[in-house]
Amino acid sequence: MSQTSETPPELMPLPHPRNAEGNPRRVGVEVEFSGLTEEKAARVLAETLGGAASEEKPGEWSVTGTGLGDFECYLDSAPLNKMDRDGIGKPLRELARSVVPVEIVTDPVEIDQIPALDEALEALAKAGATGTSRGVLLGFGVHFNPEVAAPTFEAIAPVLTAYALLEDHLRRSAGIDISRRMLPWVDPYPRNLIDRLAAEDAPSDMTSLIDTYLKLAPSRNHGLDMLCLFAHIDRARVARVMSMEQIQPRPTYHWRLPDCRIDEPGWSLALEWNRWVLVERVAADEGLLQALKAAWRDHRDSLTSIRSDWARRVATMVMSASP
């Protein structure tokens, strides 16, 4: 949402709304912004959602007892958080606020609670929260952590493949500024990974899927970061290639949006969430997914194969397939 309130779009339903146990799938949300201290952000959340704000330890605030569960609020910099609060650390922390975001992290919420989160973000924007548009080098983002429908190859491989094929289209439709695309925090997947996922002999089991990803995209800095999920499934295999210091095994995808537009008209979590739903819908449409894979192979065989051309082709195919 934004200080100029506009009605968010209705949430599109997931093709597989329940997990393997039959419970509604949940999603954790992380939002980064500037303009407010962590204390102010916590107090605004408590006022908007109910509950109580408290400082658990210096610089780290929590909001407990809300209808959406608990929240964490903190300055998103481990080195700054280790500095003293009153000596030289204090002015350095305040100076860093222009480029280091405050981050709020939710408990996993049910999908139909996303509109309530949008109301909380609108309250933060009205209180002064600002997003990436206030500076070229601001790496403020939004992260969704959707629970997987099932921790199986059959459930996960189509989603990963659909995202890889849709990524250029998603970035283009989201209107990501060219300066943002040049920053390293949310790199697009390398083409050789898409080649393997779209190949006629694509990975056919979980082991080969994980090995392919670790070989061709061994980084946390991708739009869809699969390492936490793959570590949940096979921690030892991931640990042989990656440092596990910042990888928390969990049964969720980790989707990183390169922008937080909390203060911009027309922006909402619901709008962004619907982009993820598109990924899962394409993954669930076997005919469309196979057509996109074949189109990618054709695209790569052409004399020129640039991302903007592929994004437009995907947009046409997805639109044609929509009911």
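To be clear, the structure that these remarks concern was listed above.
Residues numbered from 1 in each chain as written. Predicted model: local features only at pLDDT ≥ 70, side-chain atom pairs only at ≥ 80, totals over all residues. Heavy atoms only, no water.

1. Here's the deal with the overall build of the protein
Test applied: Put simply, DSSP H or I for four residues or longer makes a helix, DSSP E for two residues or longer makes a strand, and each gets a number counted from the N terminus. Relative accessible area decides the class of each residue, using a 1.4 Å probe on protein chains only: under 20% of the type maximum gives buried, over 50% gives exposed, and in between gives partly exposed. Contact between two residues is taken to exist if any of their heavy atoms lie within 4.5 Å; hydrogens are not considered. We get accessible surface area from the Shrake-Rupley algorithm with a probe of 1.4 Å; when it comes to residues, only the shown protein chains can shield them.
For the protein, the count of helices and strands is 13 helices and nine strands. A buried classification covers 52% of the 323 residues belonging to the protein. Of all intrachain contacts in the protein linking residues separated by at least 6 positions in sequence, the fraction that spans at least 24 positions is 74%. Carbon together with sulfur atoms contributes 52% to the accessible area of the protein, which is approximately 14,700 Å² in total.

2. Considering the nonpolar core
Generally speaking, soluble globular proteins have nonpolar side chains that are buried together. Note the threshold: Definition of nonpolar core: a set of buried residues of the types Ala, Val, Leu, Ile, Met, Phe, Trp, Tyr and Cys, connected through side-chain atoms within 4.5 Å.
Phe33, Leu124, Tyr189, Met226, Phe230, Val238 and Trp276 are the most contacted members of the largest nonpolar core, which totals 91 residues. Considering every element that reaches this core, the biggest residue donor is helix H5 (residues 153–174), with eleven residues. Filtering out sequence-adjacent residues up to four positions away, Val238 remains in contact with Ile210, Leu214, Leu227, Phe230, Ala231, Met244 and Ile247.

3. Things to note about the pairing of strand E7 (residues 142–146)
Counted only if it meets this: Here, a strand pair is defined by DSSP locating no fewer than two bridges between the strands.
Most of E7 sits out of view: five of its five residues are buried. Sheet analysis places strand E1 (residues 26–33) next to E7, joined by five bridges and oriented antiparallel. Looking across to E7, one finds that Gly28 is bridged to Asn145. In this structure, E7 lies alongside strand E9 (residues 254–257), joined through three bridges in antiparallel fashion. In the sheet register, Phe144 faces E9, and the bridge partner there is Trp255.

4. Here we look at a negative patch on the surface
Stated precisely, the cut-off is as follows: For patches, a residue must show more than 30% relative accessible area and have no salt bridge; joins then use 9 Å for like charges and 5 Å for nonpolar side chains, namely Val, Leu, Ile, Met, Phe, Trp and Tyr. One speaks of a salt bridge when a side-chain nitrogen belonging to Lys or Arg is within 4 Å of a carboxyl oxygen belonging to Asp or Glu. The charged-residue count follows a simple rule in which Lys and Arg add positive charge and Asp and Glu add negative charge, with His and chain termini not counted at all. Where a charge sits is defined by one atom per residue type, namely NZ (Lys), CZ (Arg), CG (Asp) or CD (Glu).
Residues Glu55, Glu56, Asp70, Glu72 and Asp107 make up a contiguous surface patch of negative charge. If you list the elements that add at least two residues to the negative patch, you get strand E2 (52–57) and strand E4 (69–75). With respect to the helices and strands, the residue Glu55 is situated in strand E2.

5. A look at the packing of helix H7 (residues 191–198) against helix H8 (residues 206–216)
Spelled out, the test is: Fitted lines through C-alpha atoms serve as axes, helices being fitted only where they are in contact, and the angles separating the N-to-C directions of these axes extend from 0 to 180 degrees. Roughly parallel means an angle under 35 degrees; roughly antiparallel, over 145; roughly perpendicular, 65 to 115; everything else is oblique. Left-handed describes a crossing whose near helix is turned anticlockwise from the far helix through less than a right angle; right-handed describes the clockwise counterpart. In the scheme used here, Gly and all other residues not listed as nonpolar or charged are polar, with Ala, Val, Leu, Ile, Met, Phe, Trp, Tyr, Cys and Pro taken as nonpolar and Asp, Glu, Lys and Arg as charged.
Look at H7 against H8: their axes get within 9 Å of each other, and the N-to-C directions meet at 160 degrees. Judged by the angle between their axes, H7 and H8 are roughly antiparallel. Of the two elements, H7 crosses H8, and the hand of that crossing is right-handed. Contacts from Asn192, Leu193, Arg196 and Leu197 of H7 reach H8 at Leu209, Thr212, Tyr213 and Leu216. Taken together, the residues that form the contact of H7 with H8 break down as five nonpolar, two polar and one charged.

6. Quick word on the packing of aromatic side chains
The criterion, for reference: Under the pairing criterion, centres of Phe, Tyr and Trp rings, with the six-membered ring standing for Trp, must be within 6.5 Å; the plane angle then separates stacked pairs below 30 degrees from edge-to-face pairs above 60, leaving the rest tilted.
Applying the stated criterion across every chain, the model contains eight aromatic pairs. Here the aromatic rings of Trp255 and Trp276 are separated by 5.7 Å at their centres, their planes lie at 40 degrees, and the arrangement is tilted. With Trp255 in strand E9 and Trp276 in helix H11 (residues 269–284), the pair connects residues that are 21 residues apart, well separated along the chain. For the pair shown, Trp255 and Trp276 are each scored as buried.

7. What to know about helix H4 (residues 114–127)
As a reminder, the rule being used: Any helix carries an expected span of 1.5 Å times its number of residues minus one.
Its 14 residues give H4 an end-to-end C-alpha distance of 20 Å, which sits within 8% of 20 Å, the value for a rise of 1.5 Å per residue. The complete set of buried residues in H4 reads Ile114, Leu117, Asp118, Ala120, Leu121, Glu122, Ala123, Leu124 and Ala125. Among the structural elements, E1, helix H1 (38–49), E4, strand E5 (102–106), strand E6 (109–110) and H11 are those in contact with the buried residues of H4. The first or second residue beyond H4 is Gly128, which carries a positive phi of 125 degrees.

8. Here we look at the environment of Leu166
Following the sequence through the fold, Leu166 ends up in helix H5. Sequence-distant contacts of Leu166, that is, excluding residues within four places in its chain, are made with Leu278, Val279, Val282, Val314 and Val318.

9. A word on H5
This is how the line gets drawn: To get the bend at a residue, fit one axis to the 7 residues ending there and another to the 7 starting there, then take the angle between the axes.
At Leu166, H5 shows its largest kink, close to 55 degrees. Across the 22 residues that make up H5, a large majority, 17, are buried. One or two positions beyond H5, positive phi appears at Gly175, with a value near 70 degrees.

10. A closer look at the side chain of Arg256
Short version of the rule: Definition of a polar contact: a pair of N or O atoms within 3.5 Å, with one able to donate and the other able to accept a hydrogen when the atoms are protein atoms, and with sequence-neighbouring residues admitted only if both atoms are side-chain atoms.
Relative to the elements of secondary structure, Arg256 occurs in strand E9. You can call Arg256 buried: its relative accessible area is 14%. A polar atom in the side chain of Arg256 sits 3.0 Å from the backbone oxygen of Arg220.

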